[in-house]
Amino acid sequence: MRKAIFWYGLKNEGLECFLQPIYNVKEKKINVAEALFRVGDGHGSYQDTEQLIQYAEKMDCVSRIDMWMLEQVCMHMRH
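Our subject in this report is the structure included herewith.

Calculation rules
- Residues numbered from 1 in each chain as written.
- Predicted model: local features only at pLDDT ≥ 70, side-chain atom pairs only at ≥ 80, totals over all residues.
- Heavy atoms only, no water.
- Helix = DSSP H or I, 4+ residues; strand = E, 2+ residues; numbered from the N terminus.
- Buried < 20%, exposed > 50% of the residue type's maximum accessible area, 1.4 Å probe, protein only.
- Contact = heavy atoms within 4.5 Å.
- Pairing = 2+ DSSP bridges.
- Expected span 1.5 Å × (residues − 1).
- Arc of directions from axis to C-beta.

Quick word on the side chain of T49
Phase 1 of the analysis: Of note, T49 is situated in helix α2 (residues 49–58).
Phase 2 of the analysis: Residue classification places T49 among the buried residues on the basis of a relative accessible area of 16%.
Phase 3 of the analysis: Residue contacts for T49: discarding those within four places in its chain leaves F37 and R38.

Now the structure itself:
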């Protein structure tokens, strides 16, 4: 039950996926992007991601976050 509550809380707090481009200086172009997981704090800032991941590991929710991130990246790629 605690796992479900944690996941529900993450999604309702403003779970977000950001793509950070990685620029190749030699080729002078963006080759790839890194997917970043962030959760809003409700005040325009973001919660400490490292602490959230540590707690997600304790709650055994990392695979849910991974799958959510994969879905988000796929949606970004379609657009």
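Remarks on the pairing of strand β2 (residues 29–39)
Phase 1 of the analysis: The pairing of strand β1 (residues 15–24) with β2 spans 10 bridges and is classified as antiparallel. Note that in β2 the partner of C17 across the bridge is F37.
Phase 2 of the analysis: Taking the residues that link successive antiparallel strands as the turn, the β1-β2 hairpin has 4 residues, and the phi of K28 there is positive, at about 55°.

A look at the environment of M59
Phase 1 of the analysis: With respect to the helices, strands and loops of the structure, M59 is situated in the loop between α2 and α3 (62–78).
Phase 2 of the analysis: Residue M59 is classed as buried on the basis of its relative accessible area of 10%.
Phase 3 of the analysis: Here the alpha-carbon distance between M59 and L19, two residues 40 residues apart in the chain, equals 26 Å.

Looking at α3
Phase 1 of the analysis: Helix length check: α3, at 17 residues, gives a terminal C-alpha distance of 24 Å against a target of 24 Å (1.5 Å per residue), a fit within 8%.
Phase 2 of the analysis: Turning to α3, its buried residues number three or more, namely I65, W68, M69, Q72 and V73. Viewed along the axis of α3, the buried residues span an arc of 135°, placing them on a single side of the element. Exposed side chains of α3 directed beyond 90 degrees from the buried face belong to M77 and R78.

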